[in-house]
Amino acid sequence: MYDFNRRRVLRGMLGGGAVTVGLPLLNAYLNGNGDAMADGRPMPVRFGTWYWALGIAKAAFVPNKFGAGYDMKPEMEALKPVQQHFNVLTNYTAFRDNAPNLCHFSGWVISRTGTAPMTGGNIPGETVDVTIANQIGRTTRYKMLTASADGNARDTFSYDNPTTPNASEVSGLKFYSRLFGPDFQDPNAPTFTPSPKVMVRKSAISGVLDDVKDLEKSVGADDKARLDQYFTGLRHLEKQFDQQLTKPEPIAACKKPGNLKEDTKVGSDVTIIASRHKIITDLMVMAVACDQTRVFNMSYGGNSATKAGFEKPSHTATHEEPWDTALDYQPTCSWFTRRAMENWAYYVKSFAEFKEGAGSLLDNCFIMANSDHGLARIHALDGMALFTAGRAGGKVKSGLHIDGGATATTRLGYTAMRIMGLDVPSWGTKSNLTSKEIGEILA
Amino acid sequence: MSSKVRFSSLLRGSAIGLVAAFALASCSGPAGSDGAKTAAAKQVAAVAEPASSGAEPRLRLITRDQYLNTLAYVFGADVRPDVEFAPVERVDGLLRLGTSRAGVNDTQLELYQKTAQFVAAQVIEPTRRNFVITCKPANEKAADAACASQVLNRVGRLMFRRPLEKDKLAELVSHANSSADKLGDFYAGLAVAIEEVLMSPKAMLIAETAEPDPKNPGHMRLDGYSLASRLSYFLWDAAPDEALLKAAETGEIQTEKGRAKIVDMMIASPRLKDGLRAFFDDMYDFEKMTTLAKDALVYPAFTGLTAEDAREQTLRTVVDHLITKKGDYRDLYTTRTTFLSPPLAALYQLPTTKGWIEYQFPDSSPRAGVLTHISFLASHSHPGRSSPTLRGKALRELLLCQPVPRPPANVDFSALENPKSEHKTQRDRVNFHLENPVCAGCHRITDPIGLAMENFDGSGRYRTSERGATIDASGNLDGKQYTNVVGLAAALHDHPSLTSCLVKRVYAYGTGSQTTNDDAEMLKFLNARFEQAGYRVPDLLRTVALSKSFSEFKEAAPAAGEAKTASAVPATH
Amino acid sequence: MKHIILSTQVSAFAVAASLALTAGSASAQQAAAQPAAKEGALGVQNRSIGYVMVFENRSIYQAKDAKTQCPVALNDGPPEQFKKLYPENGERTVEGTRLAWEGELWNPTKKELDVPYYEVQGKVGRGMNLDGKVGPNDYVDPDTGEKGIDNQIYRTVGCTFNYRDGQTSTLTPQWRRAAYNIFVIELTDVDSLQNDDDVTVTTYRGNDRLITDATGNEYLPGGSQTLDTRWGKRYITAFKGKIKDGVLTTEAKDLIMPAASVYAPRDGAPDILYRDMRFQLNLTDTQANGYMGGYADVWTWYYHSHKTRDSRHQAYGGTAGPTLYRALMKNADAFPDANGQNTAISTALDVKFVHVFVQHPGAQVAGMVNHGTQSAEAAATEARTRE
C-alpha cells in the first residue's frame, strides 16, 4: 500500500497535472535545464511560511512605486540584497465582520485559516500550511516542520484544529537531534542496510492501531475525532518507518551539518532572537534540501522583543511610544520592525543561496509571510503587509511590489493553495471568502 | 495556543467578568467580627453534600509531568527522558481542563514514539535491567514468552492503568517474541513491545469509563479503574500505583469505607507533594516561568537560574505550608516563611549557604506571602519594568478567579504620551488609566492592587524609590485600604473570593470539568467544609475526593437524534 | 572607632506589618535561630565585609608598540628552541633531544643553553613597590608615575607571548573562577570603608560557585560563599591592614593561593606560594579592585606553571621551561638561600573582587529556620533529607 516504487511513480501513479511528485530529488533525474524531472514533470515545489509580529509602519515601509524595481523604504532596507527573490504586497485587509478584534490574534488567524475567530484562543479551523501538508507532505520523513525563534513553543501559527497546535521547535539542539540525530538517514551514504529494529518497530504499530479502535468504542463523538487524529498520526509513523526502510535516492545538495556546540540562547533581546533565528533557519534549510519535509513553518516572533537599554519590549512600545509627527511613525517600533526584516532577509537569502539543481532551493519554494496587524498601535486589521518568496518552480514571479487594494489577506493563502496544486474553488468565510488569486505574481 | 493572546495587553475574558467584578467591587465583604457566627451557621446548614449532576468521564491527554511521574514509578526514578510535550489550552484558569480537549497530531506522536524508544532502551540496559525485568530468559539471544509475559503484564497494567486483556497481552508477547527472533536478542525484542505499550493511546490518553451505579439506579458512576485514575491524577499527578489498582480490582474502591481508606492513604503519602505541586503550578500559571527572561541590562541579577528557582521557591513554600505545617490556605499570602537558594539569595541580596534552606523574613520585612515571591512579581512584569496592571490582573484572575476584560482594540494611547513630562513612578504613569473614563472601568480593578507591589521592581527586588521619587504603595482591594503590600496581603487574606476561588479550581481540577452554574450548590458545600476545616487544603482535597459528584453523575438526556455518549464535551460558558 | 549604623530601609513597615501579622502566623512557624538580615544590605555589616576574587592576572604592562619592550623578538617556544638546539643535520636521538629537554625542564641544571632569551626592556611597568626603595631594576608606573615598582617577573616573562595576549594570560581569569580556586577575603574589625587604621584581612578558599549575571560574563555582589576551613587550612592567612581614603593596604605575609588547573585539577600542583604578599585595594560596598603584590617562590611558581599547562600548551605562546627557569633564577630578588641564590621573585597581580556574604562553617545563617539543629550545614543537610 505504501510501496512507492519508483517505476510506478514515474508512470504517473499519483495522477498528472500540477500535483507534485512524492520523490526525493535526484539530480540525475533532472533534465538538461535542471528545472524539471527527467520525464518532463516539474521538480517538487515546497511550501513555507514565515511570521513576524506587530506589523509595519506605512510611512517607513510601503514603497512609493509599484511593480518591479520599487524603492526601498527604511523598514525594508535590509531586504535590498534579496529584492529580486521576493514580492512585497501591501494594503491588504483581514475582515472580521461581526467578530471582535482580538488583538494580535484575529489578524494572523484570518490570514492563516480564512476565518475570523470569535473568542481569544479559538482557532476556527486548520491553518493553510496543514491543508497543503495534508496534500503534499505524506511521503517525506516529516509531514511538516514548525519552528520559532521566539523561544516559546506556544509561538506557533500552525494548527491542525482548534485544540491541536503544531508546537514550535525552539531549541537548536533538539531540532538538530530531530533532523540530523541518530535516526537521520543520509541519502548520500554509500551503503544502506534497512534496520531490523525499524522493521520490528513498524510491525508493532499495528497493535497500537488496535488500541485506538478499541478505545473509540467507549467515547463520544468529539473524543472519537481526537482518536481518529491519533490513528492518522500512527499511520504516518508507519510511513516514516517505511521511509527508513527504503534506500533513499541520493540528493547532491544534502549534507548533514555538524552538531551544534551549545544550545540556542534564552532571552528576548533582538540579537538573541536573531541568533536563534539563524541557527534554526540553517537547520530548516538543510532539512528541506534533504527532503525531510516539503512544508516548513518558521516564526521570527518578536512580540516581546527587547532592545538593550530601552525599557519597553516591542509590543508595549507600539502602544506607548509617542508618534513622531515629522517621521510619521514611531521610531523605536520601527527599529524593531527593521530587526524583524533583517531576519526575513536572512531567511530568504538562505534559501536563495542554497544550490539545488541548476538553480537554488528558493526557486522551487513558495514561502508566504504575514504579520498580525497593519499598524500595531491601533491593532489595525487593514493596511496589512504580506510577502511571498520563491518562484514555485517557475509558477511565480518575484521582485514586485503589489497593491492589495484593501482586498482580503486570505487571497494570499488561497493563491498559495492553488500554486501548491490544491484544486480549491475558493477559501475563507464571510468577507474573507475569496476566489481571486493574486494574479500579479503568477507567471 | 499562541502566546500572542497573552501578551496583547494581556487581558482576556468576557463582558460577564466585568459585571461580576463591578458587583464585587461595590459589595464589601463580610467583616471579620461576625465571621464566627456566620461560620457556625454555615456549618449546620451545609454539612451534607448536595445532589449535583456530578462530573462526567473525560478523555484527557497526559501531561509531561504526569508521564514522567508515572515512568518514575513504573521503571525507576532515574528513567527521566528530557522531553517537552506540546502546549495545551488554558481553560477557565487551568491547563488541566485543556487536556480534555487537546488533540494529538503527527508531531506529537513522533515525539511519543521517540520517547518510548528512549525509555525502553533504558529499561533493558544491562546495568539496570534487573530492576524491571525480574525474570531471566532461558536464552538471552532468543524469545522467551514466559518472561516477556511476566514483564509486559506488569508494565501494561501500570501504564494502561487497568489489567491487560488476555488477547492484548498475547499480542504484546507475540510481538516481543517475533522481534526477539528477528533481532536475535530477548531484551531488544522486549523493548519493542514496551515501546508499543508506551505509545498506545491507552497510555497517553487517560480515558474514563462509566458503568451504571448499582446503589443509585438511573445514575452512572466511574468504574473502579477510572476512579483510581481520577484519584491518582488528582492527588499524585500520576497513574495509579499497585495499591490503588488492587483496590479497584477487589471493588474496595467503590465502597465508602474502602474509598476513604484509599484517599487517606494517598493524602498521607509523600506523593501528595507531587500532586499539590502540579495543581499550584497550573493554577499559578507557572508555565510562564520556563520562558521568562528579563532585560539583562536592567536586571542583571535575574538569570535563567533565577526563574527556575523562583518557581521552585513558591512550590516549596506551598508544600511546606499546606502539607508539612498543615497551615491555613489564606496564610500562604501572609506568611514570612519561605525557601531560599543561592541564585535567589543573590537577587534578594541576602546571605545564604549552599542548596535550599527554609528561611524566615523578619516581621519588619515587606516580604509577606506569595504576592512578594519573585515568581509572582517577576512573571507579571515586563522584561525591563514592573507592571501594576499585570500584577493586579494576575491577583484577580489567578487568586480570586475574577476574569479581567480585554482592552478595546481601538484604545488610543496618544493622550497618554506627553513627551515633555517625565513620569517618575509607575503610579504617575498609570494614573492616566484612572482619570480616563474609557480606561478606568477595567483599570480600577487592577491598578490599585498592582501599585501596592511597586516596592518590588520587575525582577522582584525590593526598592523604596523609582527614579528618585519615593514609592507610594497605598491602595485598596475592594474597599479594604492599605498602605503597602503587607496590608494588601492582609486584605487578600480576608477576601472571601480567595478561598472560594481555590475551591472552584480544586474541584474543576479534580473532576476534570469546568464548573458551571449547576455546580453552585456543590461549591457552596465545599466552601463550607473548607471553612470548617480551618482552610486546610489536604482536608479540601479529601472532601472533593470522597464526594459523590467526584465519581457519580447523572447521564445527560440525549439531544434529539444524538446517541447517548459517555464523555461529552461540556457546554462552554 | 565610632560604630556606624546603617539606616534601616524598612522601618515604615515595621509597625503596620507587625499589627497585621500577630494573629495566626506565629503558631505555624518555627522562629529563625538568628534573625534574617535586611535585603540588599551590602557593605560592612557587624564590622565585617567579604569579597570574592573574580579576576586575576599577572601585572604585565604592554606598551602600544611591543617593539619598545621587546626590540629583538618575542621569546621562542619549545618547537623553535628544539630546532635551534637540535639542528636537523646533527645527531638526533630521542634521549638526546626530547627527553633531554624535558629533563632540563623538570630537573633544571646549571648547563648553558645556546638559545636566546629576551627580557623586557625599558623602565615602564606596573605593580607595587615592595621594598619601599627605588632601585636600579625598578619600574615606573605608566599611569600614576609611581617609582620603585618591583616586578621582576614582568621583566622575565614580559616578552613571552603567553604572558601578554597568549593563552596563559587569557585563561588565568577563567581559572580563578573555577570551583577549586575560589579565593575569598574577609575584612573584620572594620568601622569604615573610607578610613580605618586597624582592620584585619583574612584569606580563605571558598566552597561555592560564583554567581554570574544574566549575560554570564559579570559577577554580582550579594552572593554568598561558605569558607573552606577543613581542606583549605593552608590558604587561611590573616593580615593586619589599614584603610586610608578608601584604599586598603596590609602588612606583608607569606600566602598560599589555590590555583589548580581547570583541566586536570588533581595534577598535583594546586598551589602557588607568595612570600611577603600584601594587598592594595580600592574598597566600595560592592567591589574591591587593585593589586596583590609579593615575591613568588620561584620553584613553586615555575613548577605550577608547567604542571598546569604542558609543553604543548606552553608552545602556543612561546614559553620554554628551561630558559624561563634560568631567567627566573637570574632575576629572583628576594629570600636568598644558604648559597645566596634568591629563591623568590617580585611580582604583582591585577585583581578584582566583588562583595560576597561570608558564611563561616558552623555559624548560623541569618534567617534560616533549622528546626533545632546546631549548624547551618547540618540544617541544610537535614533539609535535604526531608525532601
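Every chain is numbered independently, its residues counted from 1 as its sequence is written. All chains are assigned letters beginning with A, and all ligands numbers beginning with 1, in the order in which they are written. Side-chain atom pairs in this predicted model are given and counted only at pLDDT of 80 or more, local residue features only at pLDDT of at least 70, and totals for whole chains, interfaces and linings cover all residues. Remark: hydrogens and water are excluded; side-chain values derive from all non-hydrogen atoms of the structure.

Participant: In this structure, what is going on with the overall build of chain A? I would like to understand it.
Facilitator: Only runs of H or I of at least four residues qualify as helices and only runs of E of at least two qualify as strands under DSSP, and these elements are numbered from the N terminus. Scanning chain A from terminus to terminus reveals eleven helices and twelve strands. The quantity called the radius of gyration is restricted to C-alpha atoms. Its globule counterpart is 2.2 Å times the number of residues to the power 0.38. Computed over the C-alpha atoms, the radius of gyration of chain A is 22 Å, within 12% of the 22 Å expected from 2.2 N^0.38 for a compact globule of 443 residues. Only protein chains enter the accessibility calculation, which uses a 1.4 Å probe; a residue whose area is less than 20% of its type maximum is buried, one above 50% is exposed, and one in between is partly exposed. In chain A, which comprises 443 residues, the share counted as buried stands at 60%. Shrake-Rupley sampling with a 1.4 Å probe provides the accessible areas, and residues are treated as covered by the protein chains on show and by no other component. Just so you have it, chain A exposes about 15600 Å², and 54% of that area is on carbon and sulfur atoms. With 49 positive and 45 negative side-chain charges, chain A shows a spacing of 4 Å between the two charge centroids. Here Asp and Glu are counted as negative and Lys and Arg as positive; His is not counted, and neither are the chain ends. In this description, the location of a charge corresponds to atom NZ of lysine, CZ of arginine, CG of aspartate or CD of glutamate.

Participant: So what exactly am I meant to see when it comes to the sheet that holds strand β11 (residues 552-554) of chain B here?
Facilitator: As a general point, the strands of a sheet are linked pairwise by backbone hydrogen bonds and lie either parallel or antiparallel. Residue and element names in this part refer to chain B. Whether two strands pair comes down to DSSP finding at least two bridges between them. Pairing is antiparallel in the open sheet, where three strands are placed in the order β3-β4-β11. Of all strands in the sheet, those with a lone pairing partner are β3 (210-212) and β11, marking the two edges. On average, each strand axis in the sheet is tilted by 35° relative to the strand beside it, whichever way the strands run. Where β3 and strand β4 (residues 219-222) come together, three bridges link them in antiparallel fashion. Looking at the pairing, glutamate 211 lines up with arginine 221 of β4. Axis definition: a line fitted to C-alpha atoms, over the contacting stretch in the case of helices. Angles run 0 to 180 degrees between N-to-C directions.

Participant: Just checking my understanding: could you explain the environment of glutamate 80 of chain C for this structure?
Facilitator: All names here are of chain C. Note that glutamate 80 resides in helix α3 (residues 78-85). We classify glutamate 80 as partly exposed; its relative accessible area is 36%. Along the backbone, glutamate 80 and valine 115 are 35 residues apart, and their C-alpha atoms lie at a distance of 9.5 Å.

Participant: When you look at the state of the cysteines in this model, what are you seeing that I'm missing?
Facilitator: Among covalent bonds in proteins, the disulfide is the one between the sulfur atoms of two cysteines. Residue and element names in this part refer to chain B. Two cysteine sulfur atoms make up a disulfide if the distance between them is within 2.5 Å. Evaluated as defined, the whole model comprises four disulfides over all chains. Disulfide pairing places cysteine 135 opposite cysteine 147 at an S-S distance of 2.0 Å. Because the sign of the S-S torsion sets the handedness, a value of about 85° for the bond joining cysteine 135 and cysteine 147 places this disulfide among the right-handed ones. A residue pair is termed long-range when its members are at least 10 positions apart, and cysteine 135 in the loop between α7 (129-132) and α8 (145-160) and cysteine 147 in helix α8 qualify at twelve residues. Here cysteine 135 matches cysteine 147 in class, with each residue buried. Two residues share a disulfide in this structure: cysteine 401 and cysteine 501, whose sulfurs sit 1.9 Å from each other. Judged by the sign of its S-S torsion, about 75°, the cystine formed by cysteine 401 and cysteine 501 is right-handed. Taken together, the residues cysteine 401 in the loop between α19 (388-399) and α20 (426-435) and cysteine 501 in helix α23 (residues 496-511) connect sequence positions 100 residues apart. For cysteine 401, a relative accessible area of 18% puts it in the buried group.

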